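So the chains spell out like this:
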Amino acid sequence: MNVLVIDVGGSHIKILATGEKTARRITSGPTMTVDQMISGVLKLARGWNYEVVSIGYPGVVLHGRPVAEPRNLAPGWIGFDFEAAFKLPVKLTNDAAMQALGSYNGGKMLFLGLGTGLGSAMIVDGAVESMELGHLPYKKATYEDYVGERGLERWGKKEWRRRVNDVVDRLVAALEPSDVVIGGGNAAKLKEMPPGSRAGDNANAFRGGFRLWEEDGNGNASAPAAVPAANGERAIPATLAETAPGASPLVSLPAWGALGAHYATARGLRLRTLFADEAKRGERFTTEAAGIYLDYSKNRVTEESLALLLQLADECGLRSRIDAMFRGEAINVTEKRAVLHVALRAPEGQSIVLDGEDVAPRVRAVRERMAAFAERVRSGEWTGHTGKPIRNVINIGIGGSDLGPRMAYTALRDYSDRSRIFRFVSNVDATQLWEATHDLDPEETLFIFCSKTFTTLETLTNAESARAWLTDALGDRSAVEHHFVAVSSNAAEVAKFGIAPDNMFEMWDWVGGRYSMDSAIGLSLMIAIGPERFEEMLRGF
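Below you will find a few notes about this structure.

About the thresholds
Residues numbered from 1 in each chain as written. Predicted model: local features only at pLDDT ≥ 70, side-chain atom pairs only at ≥ 80, totals over all residues. Heavy atoms only, no water. Pairing = 2+ DSSP bridges. Helix = DSSP H or I, 4+ residues; strand = E, 2+ residues; numbered from the N terminus. Axes fitted to C-alpha atoms, helices over the stretch in contact; angles between N-to-C directions. Contact = heavy atoms within 4.5 Å. Salt bridge = Lys/Arg side-chain N within 4 Å of Asp/Glu carboxyl O. Buried < 20%, exposed > 50% of the residue type's maximum accessible area, 1.4 Å probe, protein only. Core = buried A, V, L, I, M, F, W, Y, C linked by side-chain atoms within 4.5 Å. Expected span 1.5 Å × (residues − 1). Parallel < 35°, antiparallel > 145°, perpendicular 65-115°, else oblique. Nonpolar A, V, L, I, M, F, W, Y, C, P; charged D, E, K, R; others polar. 1 Å grid on protein atoms, 1.4 Å probe; cavity = no way out; pocket = protein on both sides within 12 Å on 5 of 7 lines; lining within 4 Å. Points joined across faces, edges and corners; volume = space filled by probe spheres on them. Patch = residues over 30% accessible without salt bridge, like charges linked within 9 Å, V, L, I, M, F, W, Y side chains within 5 Å. Areas by Shrake-Rupley, 256 points an atom, 1.4 Å probe, with all protein chains shown as cover. Lys, Arg positive; Asp, Glu negative; His and termini not counted. Charge placed at Lys NZ, Arg CZ, Asp CG, Glu CD. Polar contact = N/O pair within 3.5 Å; in protein donor to acceptor, adjacent residues only side chain to side chain.

Here the focus is the sheet that holds strand β22 (residues 421-425). Taken in spatial order, the five strands line up as β22-β21-β23-β24-β25 in an open sheet, and their pairing is parallel. What marks the edges here is a single partner per strand, and that holds for β22 and β25 (504-506). Between one strand axis and the next, the sheet turns by 20° as a mean value, whatever way the strands run. In this sheet, strand β24 (residues 484-488) lies alongside strand β23 (residues 445-450) in parallel orientation, the contact comprising four bridges. Within the sheet, the bridge partner assigned to Phe 447 lies in β24 and is Phe 484. Strands β21 (392-396), β22 and β23 of the sheet are contacted by helix α13 (residues 400-411), whose axis makes an angle of about 150° with β22. Helix-sheet contacts for helix α14 (residues 430-437) involve β21, β22 and β23, and the interaxial angle to β22 is about 175°.

Okay, structure coming up:
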């Protein structure tokens, strides 16, 4: 299939067709209309053979159509029929997203296009999302005002380059990509790329445009296209969201389209007008729960916005998915597992069934063991290898096995036993473990090793280092059983490490890490605030 790719920019419009070696371009600018673009491109492409068209558009795109006018071209692009104008099939996407598609090498990639404005797109594990980061506030204007063409002209190359580095640093810190690509026409004006980034190639915009029409396995042009990742491991879905098997793609739902149309009008609303038109807006668009008061009245939200969002939730089958979760169905489609964190806080008498088994009694049995252990530590009945009571508790985990108990302890510290020290270690860098242990007495220190598989490299490395710290100080490897307990589902590996099976608290694969604080992962928190407070916390969910 022969494709004509059109890269629409604020200063130039560039085109390239399948089989052609040299791109062609015409000058654009703030007075260029969409009709002028079509006319200019058709003249420019004379003599080229093409059957379909890809367009990279410098603005917000939804369902293959512009939903916002470009900032650096004349208005009139919204609602324009590109297929009628070209008399050919057309796929239109955001210009930064198109260049990002051509630059993608896998993982989590942030693309930034330095041109007339600031183009931006993110690709995460193959799923592409165009963004409008350039319009975010920065200093006294926006990112685009400082690192786009206007910023370059106003401050000169030296200051502009400094601003580019600062903007890239800020966006990388916020979005945490594994790969950063700097493209666009002005990228060549950088003396060197910002740290951790690589230079893109404007030719990648054409590559992305060609990819939009790559064929599927049946030899048919896919619509919408699936774009193979460079590593061959996963395809880039043309939709913005993947959904459960059998569900309609999010962007194909009627409510999504209605929200896109609503956005096109709501984005121009002024808060002063909204408050003038609705005297009780400050009461209507607020909510309160669990001691938290949320006021969202000072956003461009109307009754229609809320109705459309609720309609979208209904069309997505949100209620049926919630019911499926409580039934123990495998709604975790990536791992094909149930998601039963609700069972961790089920009240006495409630049944949560998974594969024909009521798991609630198992959960309560583990929590009873946790409570008994916590009370032994808090009362001084549980002692270390030399007979001293435990005064220091260190939780070793990563991800949800660290953040959950760490954050809950911080929030509930006012209820904690202040006679004890509680610390949390997750970083494989040895300095964090040293900071957590250097001023503690090994004879009074308990480690809680949290790892579902007991094979996570970072957690295992820290646990082995903690074991060495303990046994070197006490001179006896058998001391481990008095100073280490485990939260895991792998009893064999726990025993191999030296932790007695009686000192292992079970967790299950149907609890995701981010939700696991209510399970035995919360053992350090239970020791800190006591079993009764822990139960009170669960009832508050």
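The subject of this paragraph is the pattern of salt bridges. Counted by the stated rule, this structure contains 25 salt bridges. One salt bridge in this structure joins Asp 323 and Arg 319, with 3.3 Å as the shortest N-O distance. Of this pair, Asp 323 and Arg 319 both sit in helix α11 (residues 318-326), four residues apart, which is roughly one turn of that helix. Overall, Asp 323 belongs to the partly exposed group, its relative accessible area being 32%. Using a relative accessible area of 53% as the deciding quantity, one classes Arg 319 as exposed. Linking Arg 362 and Glu 357 is a salt bridge whose minimum nitrogen-to-oxygen distance equals 3.5 Å. Among the residues examined, Glu 357 registers a relative accessible area of 36% and is labelled partly exposed. Where salt bridges share partners, they join Arg 71, Glu 144, Asp 145 and Arg 150 into one cluster.

To continue, consider the pairing of strand β2 (residues 12-17). The sheet contact formed by strand β1 (residues 3-8) and β2 spans five bridges and is antiparallel. Within β2, the residue paired with Leu 4 across the bridge is Ala 17. Bridge count for β2 against strand β3 (residues 24-27) is four bridges, and the pairing is antiparallel. Looking across to β3, one finds that Ile 15 is bridged to Arg 24.

Before going further, it helps to examine the nonpolar core. Ranked by internal contacts, the top residues of the largest apolar core, which has 46 residues, are Leu 340, Phe 373, Leu 446, Ile 448, Trp 510 and Ile 527. For this core, the secondary-structure elements that each account for two or more residues are α12 (360-379), α13, β22, β23, β24, α18 (523-529) and α19 (531-539). Once residues lying within four places of it in the same chain are set aside, the contact partners of Ile 527 are Phe 373, Ala 374, Val 377, Arg 378, Val 393, Phe 422, Leu 446 and Ile 448. If you look at the next biggest cluster of nonpolar residues, it comprises 26 residues, including Ile 38, Val 61, Leu 73 and Val 90.

Its 20 residues give α12 an end-to-end C-alpha distance of 28 Å, which sits within 8% of 28 Å, the value for a rise of 1.5 Å per residue. Among all positions of α12, only Ala 360, Val 363, Arg 364, Val 366, Arg 367, Met 370, Phe 373, Ala 374 and Val 377 are buried. Of the residues one or two after α12, Gly 380 is the one with positive phi, at around 95°.

What follows deals with the packing of helix α3 (residues 95-103) against helix α6 (residues 203-211). Contact geometry for α3 and α6: axes closest at 6 Å, N-to-C directions at 90°. With respect to α6, the axis of α3 lies roughly perpendicular. Together, Met 98, Gln 99, Leu 101, Gly 102 and Ser 103 of α3 and Asn 204, Ala 205, Arg 207, Gly 208, Gly 209 and Arg 211 of α6 make up the contact between the two elements. For the contact of α3 with α6, the class distribution of residues is three nonpolar, six polar and two charged.

By secondary structure assignment, the location of Val 359 is in the loop between β20 (357-358) and α12. The class of Val 359 is buried, set by a relative accessible area of 1%. Along the chain, Val 359 and Gly 106 lie 253 residues apart, while their C-alpha atoms are 39 Å from each other. Leaving out residues up to four positions away in the same chain, Val 359 has contacts with Leu 340, Ala 343, Ile 352, Leu 354 and Trp 510.

Turning our eyes to something else, we now look at the layout of surface pockets. Space inside the second largest pocket adds up to approximately 760 Å³. Considering the residues around the second largest pocket, the lining is formed by 40 residues, among which Pro 58, Asp 95, Gly 115, Thr 116 and Gly 117 are closest to the centre. Secondary-structure elements contributing two or more residues to the lining of the second largest pocket are β1, β2, α3, β8 (108-114) and β9 (118-124). When grouped by side-chain class, the residues that make up the lining of the second largest pocket number 11 nonpolar, 19 polar and 10 charged.

Turning our attention to a positive patch on the surface. Judged by side-chain charge, Arg 267, Arg 270, Arg 272 and Arg 300 come together as a positively charged surface patch. Following the sequence through the fold, Arg 300 ends up in the loop between β18 (292-295) and α10 (303-315).

Looking at where Ser 297 falls in the secondary structure, it is placed in the loop between β18 and α10. Within polar-contact distance, the side chain of Ser 297 engages the side chain of Asp 295 at 2.6 Å. Sequence-distant contacts of Ser 297, defined by excluding residues within four places in its chain, comprise Leu 271, Phe 275, Arg 281, Gly 282 and Phe 285.

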